[in-house]
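This is what each chain is made of:
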Amino acid sequence: MQINHHRPPSATDRRFNTVVRWLGDRGVGLAGSQNLTVRGRYSGEPRTVPVNPLHWHGAEYLVSVRGNGQWVRNLRAAGELELSRGRRTRRLSAREVPAADRVPIIAAYLRRWGWEVGRFLPEGLDDPTDPAQLAAHAEQIPVFALVESSTVRRQGVHRGTGPEPVPGV
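Here's what I pulled together on the structure shown here. (Residues numbered from 1 in each chain as written. Predicted model: local features only at pLDDT ≥ 70, side-chain atom pairs only at ≥ 80, totals over all residues. Heavy atoms only, no water.)

Some remarks on the overall build of the protein chain
Moving on, step 1. Helices and strands together make up the secondary structure of the protein chain, namely 4 helices and 7 strands.
Moving on, step 2. In the protein chain, the succession of α and β elements from N to C terminus is α-β-β-β-β-α-β-β-α-α-β.
Moving on, step 3. Counting the 169 residues in the protein chain, one finds 40% classified as buried.
Moving on, step 4. Intrachain contacts of the protein chain at a sequence separation of at least 6 include 67% that bridge at least 24 residues. (Helix = DSSP H or I, 4+ residues; strand = E, 2+ residues; numbered from the N terminus. Buried < 20%, exposed > 50% of the residue type's maximum accessible area, 1.4 Å probe, protein only. Contact = heavy atoms within 4.5 Å.)

Right, here's the structure in full:
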């Protein structure tokens, strides 16, 4: 089994993500999507992609069924992120969940968004409802637990422009 699973987005995926991100910037979340912004591990520049945060058993998680993509590697390096939709932005800290604890979180994520992300699952994961198969592939599907730092309201839809948002406004 390949531990370093990564399914890069196709040209169609990139175009679709651009539209979903644009909608998210304007307050529209498709199927609960929000925009994740994380600092690039080499450039230091903010990088933004749409994601589907999972609220499960009183906690919030990010799951990457695509594997170790750019946002995952950037988040591991930065440890902090922003989730936004429209003018509401939340600053969060992230902790990677150990592979041994991921199975129920991944199962919950796939129950919610399997229809959308099932095609990105690791090779050999034929039955995503089988806990044994999920456990065998859990190392390939990064999961992050999120802890809220603060909530801010952005003044415009373009990140990085205008004055710094004021917490609590």
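A look at the pairing of strand β6 (residues 88–96)
Moving on, step 1. Two strands pair when backbone bridges link them, and strand β5 (residues 80–85) and β6 are joined in this way by 6 bridges, in the antiparallel orientation. Along β6, the bridge assignment pairs leucine 81 with leucine 92. (Pairing = 2+ DSSP bridges.)

Some words on the nonpolar core
Moving on, step 1. Of all hydrophobic cores here, the largest spans 22 residues; its most connected members are Val65, Tyr109 and Leu110.
Moving on, step 2. Mapped by element, the contributors of at least two residues to this core are β4 (59–63), α3 (103–117) and β7 (143–153).
Moving on, step 3. If you tally residues by element for this core, the top one is α3, at 9 residues.
Moving on, step 4. Look past the residues within four positions of leucine 110 in its chain and what remains in contact with it is Val65, Val117, Leu121, Pro128 and Leu134. (Core = buried A, V, L, I, M, F, W, Y, C linked by side-chain atoms within 4.5 Å.)

Description of α3
Moving on, step 1. Taking 1.5 Å of rise per residue, 15 residues should cover 21 Å, yet α3 covers just 16 Å from first to last C-alpha, more than 12% shy of that figure.
Moving on, step 2. Maximal helix bending in α3 amounts to about 65 degrees, located at arginine 111.
Moving on, step 3. What α3 keeps buried is the set Val103, Ile105, Ile106, Ala107, Ala108, Tyr109, Leu110, Trp113 and Val117. (Expected span 1.5 Å × (residues − 1). Bend = angle between axes of the 7 residues up to and from the residue.)

Structural notes on the pattern of salt bridges
Moving on, step 1. Taken as a whole, this structure holds 5 salt bridges when the rule is applied.
Moving on, step 2. Of the charged contacts in the structure, one is a salt bridge between glutamate 82 and arginine 91, with a shortest N-O distance of 3.3 Å.
Moving on, step 3. Between arginine 90 and glutamate 148 there is a salt bridge; the shortest N-O distance is 3.3 Å. Linking arginine 90 in strand β6 with glutamate 148 in strand β7, this pair joins segments that are 58 residues apart in sequence.
Moving on, step 4. Residue glutamate 148 is classed as partly exposed on the basis of its relative accessible area of 40%.
Moving on, step 5. If you follow the salt bridges from partner to partner, you end up with Glu60, Arg90 and Glu148 in one network. (Salt bridge = Lys/Arg side-chain N within 4 Å of Asp/Glu carboxyl O.)

Some thoughts on the pairing of β5
Moving on, step 1. Bridging between strand β1 (residues 34–39) and β5 involves 3 bridges; their strand directions are antiparallel. Each bridged residue has a counterpart across the sheet, and for leucine 36 the counterpart in β5 is leucine 83.
Moving on, step 2. Counting the residues in the hairpin turn of β5 and β6 gives 2 residues, including glycine 86, whose phi is positive at 65 degrees.

Side note on unusual backbone geometry
Moving on, step 1. Despite not being glycine, histidine 57 shows a phi value in the positive range, around 55 degrees.
Moving on, step 2. Among the structural elements, histidine 57 can be located in the loop between β3 (54–56) and β4.
Moving on, step 3. Of the residues examined, histidine 57 reaches a relative accessible area of 69% and is grouped as exposed.

Quick word on helix α2 (residues 70–78)
Moving on, step 1. Every buried residue of α2 is accounted for by Trp71, Val72, Asn74 and Leu75. An end-on view of α2 places all buried positions within 165 degrees of arc, on one side of the element. (Arc of directions from axis to C-beta.)

Focus: the environment of glutamate 80
Moving on, step 1. Note that glutamate 80 resides in strand β5.
Moving on, step 2. The sequence separation of glutamate 80 and glutamate 148 amounts to 68 residues, and the corresponding C-alpha distance is 9.8 Å.
Moving on, step 3. Apart from residues no more than four positions distant in its own chain, glutamate 80 is found in contact with Val38, Leu75, Leu92 and Ser93.

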